[in-house]
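What follows is the residue order along each chain.
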Amino acid sequence: MTLRQTETPPFPAIDAPTLKRWLHDGGEIALLDVREHGQYGHGHPFLAVPLPYSRLEAEIARLVPRRAARIVAIDDGDGVAVRAGRALAGLGYTDVHVLEGGAPAWRDAGYTLFAGVNVPSKTFGELAEHLLHTPRISAPELAARMKDGTDLVVLDGRPYAEYAKMNIPGGICCPNGELALRVQELAPDPGTVIVVNCAGRTRSIIGAQTLIELGVPNPVYALENGTQGWYLADLQLEHGAQRKYPDDIGPDVLPALRERAQTLARRSGVPMADVAQVRAWLADPGRTTYLCDVRTAEEYAAGTLPGAQHTPGGQLIQATDQYVGVRGARLVLLDGEEVRAPVVAAWLARMGWDVHVLRDGVRADLGPGLAPDIGAARPHEPRPTPPSITTLALADAHRDGALLVDVRPSMRYRKAHIAGARWSIRPRLHTLGIPPGTPVVLLAEDAAVGALARRELEQLGVRDARLHTGTPEEWRQAGLPVQAADATPADAECIDYLFFVHDRHDGNKAAARQYLAWETDLVNQIDEWERSIFRLPTGLPQA
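Computed from a predicted structure; not experimentally measured. (Residues numbered from 1 in each chain as written. Predicted model: local features only at pLDDT ≥ 70, side-chain atom pairs only at ≥ 80, totals over all residues. Heavy atoms only, no water.)

S.K.: Mind laying out the overall build of the protein, listing which residues take part and the relevant values?
M.R.: The number of helices and strands found in the protein is 22 helices and 21 strands. Against the globule reference of 24 Å for 543 residues, the protein gives a C-alpha radius of gyration of 24 Å, in line with a compact fold. Along the first, second and third principal axes, the C-alpha atoms of the protein reach 75 × 50 × 50 Å. Burial analysis of the protein (543 residues in total) assigns 56% to the buried set. Summarising the internal contacts of the protein: among those between residues at least 6 apart in sequence, 78% fall at separations of at least 24. Working note: accessible area of the protein is about 21,900 Å², and carbon and sulfur atoms make up 52% of it. (Helix = DSSP H or I, 4+ residues; strand = E, 2+ residues; numbered from the N terminus. Rg over C-alpha atoms; globule rule 2.2 N^0.38 Å. Buried < 20%, exposed > 50% of the residue type's maximum accessible area, 1.4 Å probe, protein only. Contact = heavy atoms within 4.5 Å. Areas by Shrake-Rupley, 256 points an atom, 1.4 Å probe, with all protein chains shown as cover.)

S.K.: I'd like a description of the sheet that holds strand 18 (residues 422–423), backed by residues and values.
M.R.: Spatially, 18-16-19-20 is the arrangement adopted by the four strands of the open sheet, whose pairing is parallel. Every other strand in the sheet has two partners, leaving strand 18 and strand 20 (465–468) as the edge strands with one partner each. Alignment of strand 19 (residues 440–443) against strand 20, held across four bridges, turns out to be parallel. Bridging from a neighbouring strand, Val 440 pairs with Ala 465 of strand 20. (Pairing = 2+ DSSP bridges.)

S.K.: Just give me the short version of a negative patch on the surface, but keep the residues and values in it.
M.R.: Together, Glu 185, Asp 247, Asp 248, Asp 252 and Glu 298 give the surface a local cluster of negative charge. Residue Asp 247 is classed as exposed on the basis of its relative accessible area of 58%. (Patch = residues over 30% accessible without salt bridge, like charges linked within 9 Å, V, L, I, M, F, W, Y side chains within 5 Å. Salt bridge = Lys/Arg side-chain N within 4 Å of Asp/Glu carboxyl O. Lys, Arg positive; Asp, Glu negative; His and termini not counted. Charge placed at Lys NZ, Arg CZ, Asp CG, Glu CD.)

S.K.: Got a sec to walk through the pattern of salt bridges? Specific residues and values, please.
M.R.: Applying the stated criterion across every chain yields a total of 40 salt bridges. A salt bridge links Asp 406 to Arg 408; the nearest nitrogen and oxygen atoms lie 2.9 Å apart. Across the pair, exposure class does not vary: Asp 406 and Arg 408 are buried alike. Its salt-bridge partner being Glu 493, residue Arg 428 comes within 3.3 Å of it at the nearest N-O pair. Of this pair, Arg 428 sits in the loop between strand 18 and strand 19 while Glu 493 is found in the loop between strand 21 (482–483) and helix 21 (509–521), placing the two residues 65 residues apart along the sequence. Taking the relative accessible area as the measure of exposure, Arg 428 reaches 24% and is therefore partly exposed.

S.K.: Describe the side chain of Thr 202, listing the residues and the values that go with them.
M.R.: Within the fold, Thr 202 resides in helix 10 (residues 202–214). A polar contact is formed between the side chain of Thr 202 and the side chain of Glu 519, at a distance of 2.9 Å. Discounting chain neighbours no more than four positions away, the residues touching Thr 202 are Ser 121, Lys 122, Gly 125, Gln 318 and Glu 519. (Polar contact = N/O pair within 3.5 Å; in protein donor to acceptor, adjacent residues only side chain to side chain.)

S.K.: Which residues make up helix 13 (residues 275–282), and what values go with them?
M.R.: Within helix 13, burial applies to Val 278, Trp 281 and Leu 282. Buried residues of helix 13, seen end-on, are gathered within an arc of 95° and therefore sit on one face of the element. The secondary structure elements touched by the buried residues of helix 13 are strand 11 (272–273), strand 12 (289–293), strand 14 (330–334) and strand 15 (354–358). (Arc of directions from axis to C-beta.)

S.K.: Outline the nonpolar core, supporting the account with residue identities and numerical values.
M.R.: Leu 19, Leu 32, Val 64, Leu 316, Leu 333 and Leu 348 are the most contacted members of the largest nonpolar core, which totals 84 residues. Dropping the residues within four chain positions of it, Leu 348 is found in contact with Leu 316, Ile 317, Thr 320, Leu 331, Leu 333, Trp 353 and Val 355. Residues Cys 174, Ile 212, Tyr 245 and Leu 257 belong to the second largest nonpolar core, which totals 29 residues. (Core = buried A, V, L, I, M, F, W, Y, C linked by side-chain atoms within 4.5 Å.)

S.K.: Describe in detail the UniProt feature "domain: Rhodanese" (unreviewed entry) in the protein, supporting the description with residues and values.
M.R.: UniProt annotation of "domain: Rhodanese" (unreviewed entry) refers to residues 25–115, 148–239, 293–374 and 398–484 when read in the numbering used here. Structurally, residues 398–484 comprises 31% helix and 21% strand, and the distance from its first C-alpha atom to its last is 18 Å. (UniProt positions renumbered as here; feature names shortened; annotations may be inferred.)

S.K.: Describe the sheet that holds strand 7 (residues 152–156), listing the residues and the values that go with them.
M.R.: The strand order across the open sheet formed by five strands is 6-10-9-7-8, and the pairing between neighbours is parallel. Each having just a single partner strand, strand 6 (136–137) and strand 8 (172–173) make up the two edges of the open sheet. As defined by bridge partners, strand 7 adjoins strand 8 across two bridges and the pair is classed as parallel. Considered in strand 8, the bridge of Leu 155 is made with Ile 172. The strands that helix 9 (residues 176–186) touches are strand 7, strand 8 and strand 9 (193–197); relative to strand 7, the one it contacts most, it runs at about 155°. (Axes fitted to C-alpha atoms, helices over the stretch in contact; angles between N-to-C directions.)

S.K.: I'd like a description of the packing of aromatic side chains, backed by residues and values.
M.R.: Per the counting criterion, the structure on display carries nine aromatic pairs. Look at Phe 124 and Phe 534: their rings are 5.5 Å apart centre to centre, the planes differ by 55°, and that puts the pair in the tilted class. With Phe 124 in helix 6 (residues 119–132) and Phe 534 in the segment after helix 22 (528–531), this pair connects stretches of sequence that are 410 residues apart. This pair shows no difference in class: Phe 124 is buried, exactly as Phe 534 is. Aromatic rings pair up to connect Phe 46, Phe 114, Phe 124, Trp 347 and Phe 534 into one cluster. A cation over a ring is seen here: Lys 244 above Tyr 160, with NZ or CZ 5.5 Å from the ring centre. Its guanidinium or amino end placed over the ring of Trp 347, Arg 350 lies 4.8 Å from that ring's centre, counting from NZ or CZ. (Phe/Tyr/Trp six-rings, centres within 6.5 Å; stacked < 30°, edge-to-face > 60°. Lys NZ or Arg CZ within 6 Å of the ring centre and 35° of its normal.)

S.K.: Explain the domain arrangement of the protein residue by residue, including any values.
M.R.: Segmenting the protein into domains produces domain 1 (13–117), domain 2 (123–244), domain 3 (269–363) and domain 4 (391–484). Taking only C-alpha atoms, the centre of domain 1 and the centre of domain 3 are 24 Å apart. At the interface, 16 residues of domain 1 touch 15 residues of domain 3. Both sides of the domain 1 and domain 3 interface together cover about 1,200 Å² of buried area, and 52% of this is carbon and sulfur. Contact with domain 3 buries area across many residues of domain 1, yet Glu 28, Arg 62 and Arg 66 alone supply 42% of it, more than any other trio. Linking domain 1 with domain 3 are one salt bridge. The closest approach of N and O atoms between Glu 28 and Arg 287, which form a salt bridge, is 3.3 Å. Put simply, domain 1 and domain 3 have eight residue pairs in polar contact (both at pLDDT 80 or more) between them. Those elements that place two or more of their residues in the side of domain 1 that touches domain 3 are strand 2 (30–33), strand 3 (49–50) and helix 3 (56–63). Considering only residue class, the side of domain 1 that touches domain 3 consists of 12 nonpolar, one polar and three charged. (Domains from an automatic or database assignment. Buried area = accessible area lost by both parts, 1.4 Å probe. Nonpolar A, V, L, I, M, F, W, Y, C, P; charged D, E, K, R; others polar.)

Here is the structure:
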């Protein structure tokens, strides 16, 4: 069974001009790009949120918690949006539409398809640097100052895992969301020069500007072009560093930190919200409210409020579309000390979000039963657990002729896969032409992806499908033939992989230059409607 592209969807299809109006009419809207990561990164509308069909049911509740929110699904004009729409309707979403003709129709209507990811956040960063005149320092100049013994500290504004891959020598990991709380411990002497860096541009700019607007007395700079700029200047990066900010903050310094953070929030028009107000918002069926815990992963794991998702502050600014799927929704931020949340909220307000800070943060008592409607399945339709198969049983099934379908990422398949296993991905499973009675084993890296692929096979009439989540090393130990294939699947089939300057951190200077040129050019691609989303005044007071 396959879905014909011409099949009439069970919900409205809209044209590109209608969608463009909807995106800027002031109402809530979730523009969900249900293509895979590589397709999305190749070109998508400015405000499109990535939600690959291969993961749709696993991620939708987090990205679009209110089932009555207005949703538009966009694909490549190949019918995947219709399939996604059916899945959403089955989960109880009631206001679902598809963009007629998908991304090609958007382009043909004269609207821009933006390459890359996190495009609104990165565009905002470029505008911020231009309008706020964020001081910057080049890689050669920073290297010269380091060599001369200048009293300086390099703070890496990325998450720890990114920092550990490569960093400026001597740099200390302090993600942007932590800067307001930790910088005084990291640079107690006001004469110490602070340089904030990331891999490219956005987090360097936002991090440095954050410190400037908080009134930190130190000289502050953004490292121009981040670690890529350092590498392009033929300077050596450090790999595997483990330095990070101190965990403890002295209680005697918290009042001053809190005051300057909340001053910045007030200046950006961010109000505090008390428990009664937030309870009312969470109980309101007519408006989407996100409860966002901006603390560290360790703090979040130790306890948070019901219904709060973990949205580390720096990344919530850098990659908002990975956490919030509904444009026009209300965001309520919380932390443990009312320093980090106000600062992150100040930036989100400038990015055009209706954002508030929960007074008392994680200490607030919102009461039971008021978490957002985040159930991804109806209570009477629990998600079935697919039957699994062990590595040893997989070896037997392989010898007995079961069809192995590898739904791991395409680059994982290229690196190592079981000989004879066919690579595919959920939106393309129908192209395999599997006879309904064929026994199938799905090889998955992520059990959720495997379960959704199995559901897709069931809709195609394939009922005998089991799930295996082993590793190539386990396969080898079980005696299964494991092989590599540098060109299989072909690049055109790797719709889950973004080839766009993918190796800019792996020794490819041309890719690094291309990426930086793309990032700085974003501001030249947006139209007036898209630019009007942002609220960046000029001539801001510095504290």
